[in-house]
Amino acid sequence: MKFKKVVLLGGGVLGTQIALMSAYTGHDTTIWLRSEGSIGRTEPKIQYYTKSILDALEEAKKFVGNPLGAYVYPKALISDWKGITVEKIDELIREGEKNMKENLHLELDKEKALKNADIAIEAMAENTEEKIEFYKNISEILEDKTILCTNSSTLLPSTFAQYTGRPEKYMALHFANSIWSHNTAECMGHEGTDPEIYKEVVEFAKEINMVPIELHKEQPGYVLNSLLVPLLDAGQSLWARGIADPETIDNAWRIGTGAPVGPFQMMDVIGLKTVSNVLKMKPDAKDPESITCRLIKMIDEKIDKGELGIVSGKGFYSYTK
Ligand SMILES: NC(=O)c1ccc[n+]([C@@H]2O[C@H](COP(=O)([O-])OP(=O)(O)OC[C@H]3O[C@@H](n4cnc5c(N)ncnc54)[C@H](O)[C@@H]3O)[C@@H](O)[C@H]2O)c1
């Protein structure tokens, strides 16, 4: 293991998940938090995601010997499904629980948290000004050897590189939600990132059981959302313009491409509230003539009926037994 000490800057939804995967894979991991209040908010998240990770392993036991197992097993938690047994999963549960407990620490003091860090991953809320202030502040604390990454979903590393005091050691390392099963880590430098540092970050992603997705240039939305967003947009537009209903659109995509799910099934997983919020951020959201405005109305009608997606048992599809 090359990376001995890992620091997460921010302990929200993603910071906690990344920290747990880092601890699970045996890395000494510290989450830096800005206040006592943050500790109160982060501790329940650690408990919640620890349980989610252990539950995912328990669930995987049901698929031992089932051909479906190879598709659904939690890929970041079990490195090799071939030859897996219930006993081996039990061993992973024991070891994983111990690692997550013993390797994960919370720290309020920035200097203490960052001391001797090999890599620090910023996972603070998506606010450009606050991130800039924060980078300026830690640039004086970071040790020379520390690689600095951002997990930002929508902001580019070139926006921040100049404030980090180490642009050559700074880049994006972007994780997906439910990191233990959706284990992509999109690696994206800016023009000034040292190629050797980039390679080290790719290695770090592998060390914590992620599949590195290597981008050669900056791209808003990285690879995954650059593919996913146009697909969701196209499905929504076909529905809002009355061309076809959600089930038909999903069928066309699934049967025609062999993909396991269609865009409306994906939206049920994402949750219709998030889908609506994203639509409301579009520039034409308030134009009553626009397709976006029509879509918001159609989605919000479902939300008003409590149809929020898988989470409420009904969205575009019904998930009750
Ligand atoms: N939620 C997702 O699905 C997801 C997926 C991939 C990437 N991301 C990215 O990860 C980052 C964090 O997202 P999240 O969903 O975990 O957010 P969150 O709101 O759950 O957590 C944000 C954390 O940052 C801390 N924070 C906020 N402002 C701060 C400040 N000024 N100084 C210090 N700490 C501060 C909060 O206390 C909290 O611990 C964002 O850049 C987001 O784009 C999120």
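Look above for the structure.
This is a predicted model, so every value here is computed, not measured.

(A) View of the packing of helix H8 (residues 224–240) against helix H9 (residues 246–257). Two elements in contact, H8 and H9, have axes whose closest approach is 9 Å; the angle formed by their N-to-C orientations is 140 degrees. Judged on the interaxial angle alone, H9 and H8 are oblique. Our pair here, H8 against H9, has a crossing hand that is right-handed. Where H8 abuts H9, its residues Leu-231, Gly-235, Leu-238 and Trp-239 lie against Pro-246, Ile-249 and Trp-253.

(B) Highlighting the packing of aromatic side chains. Under the defined criterion, the tally for this structure stands at 11 aromatic pairs. Ring geometry for Phe-264 versus Phe-316: centroids 4.8 Å apart, planes at 75 degrees, classification edge-to-face. Separated by 52 residues along the polypeptide, Phe-264 in helix H10 (residues 263–270) and Phe-316 in the segment after helix H12 (291–304) bring together distant segments of the chain. Taken as a pair, Phe-264 and Phe-316 share a single burial class, namely buried. A network of ring pairs unites the aromatic residues Trp-32, Phe-134, Tyr-135, Phe-160 and Tyr-170 as a single cluster. Here Lys-2 stacks its cationic end above the ring of Phe-3, 5.6 Å away from the centre of that ring. Cation over ring: Lys-75 sits above Tyr-73, and NZ or CZ is 4.7 Å from the ring centre.

(C) Structural view of the pairing of strand E7 (residues 184–189). With respect to burial, E7 is a largely interior element, 5 of its 6 residues being buried. Relative to E7, strand E6 (residues 170–175) runs antiparallel, the two sharing 5 bridges. Across the sheet, residue Ala-172 finds its bridge partner in E7, namely Met-188. Across 4 bridges, the pairing between E7 and strand E8 (residues 211–214) is parallel. When the sheet's bridge partners are listed, Glu-186 is paired in E8 with Ile-213.

Definitions and cut-offs
- Along each chain, residue indices are assigned from 1 in the same order as the chain's sequence is written.
- Given that this is a predicted model, residues contribute local features only at a pLDDT of at least 70 and side-chain atom pairs are listed and counted only at 80 or more, while totals for whole chains, interfaces and linings are drawn from all residues.
- By convention in this description, side-chain values take in all heavy atoms of the structure and omit both hydrogens and water.
- Between the N-to-C directions of two axes lies an angle of 0 to 180 degrees, each axis being a line fitted to C-alpha atoms and, for a helix, fitted only over the stretch in contact.
- Under the scheme used here, helices are H or I runs from DSSP no shorter than 4 residues and strands are E runs no shorter than 2 residues, and both carry numbers assigned from the N terminus.
- Any angle between 65 and 115 degrees counts as roughly perpendicular, while under 35 counts as roughly parallel, over 145 as roughly antiparallel, and the rest as oblique.
- In this scheme the handedness of a crossing depends on how the near helix is turned from the far one: anticlockwise by less than a right angle means left-handed, clockwise means right-handed.
- We call two residues in contact whenever any of their non-hydrogen atoms come within 4.5 Å of each other.
- Here a pair means two rings of Phe, Tyr or Trp (six-membered ring of Trp) with centres within 6.5 Å. Their orientation is stacked below 30 degrees between planes, edge-to-face above 60, and tilted elsewhere.
- Buried residues are those whose accessible area, probed at 1.4 Å on protein chains only, stays under 20% of the maximum for their type, while exposed residues exceed 50% and partly exposed ones sit between those limits.
- We call a charge positioned over a ring when the NZ of a Lys or the CZ of an Arg lies within 6 Å of the ring centre and within 35 degrees of the ring normal.
- Two strands pair if DSSP finds at least two bridges between them.

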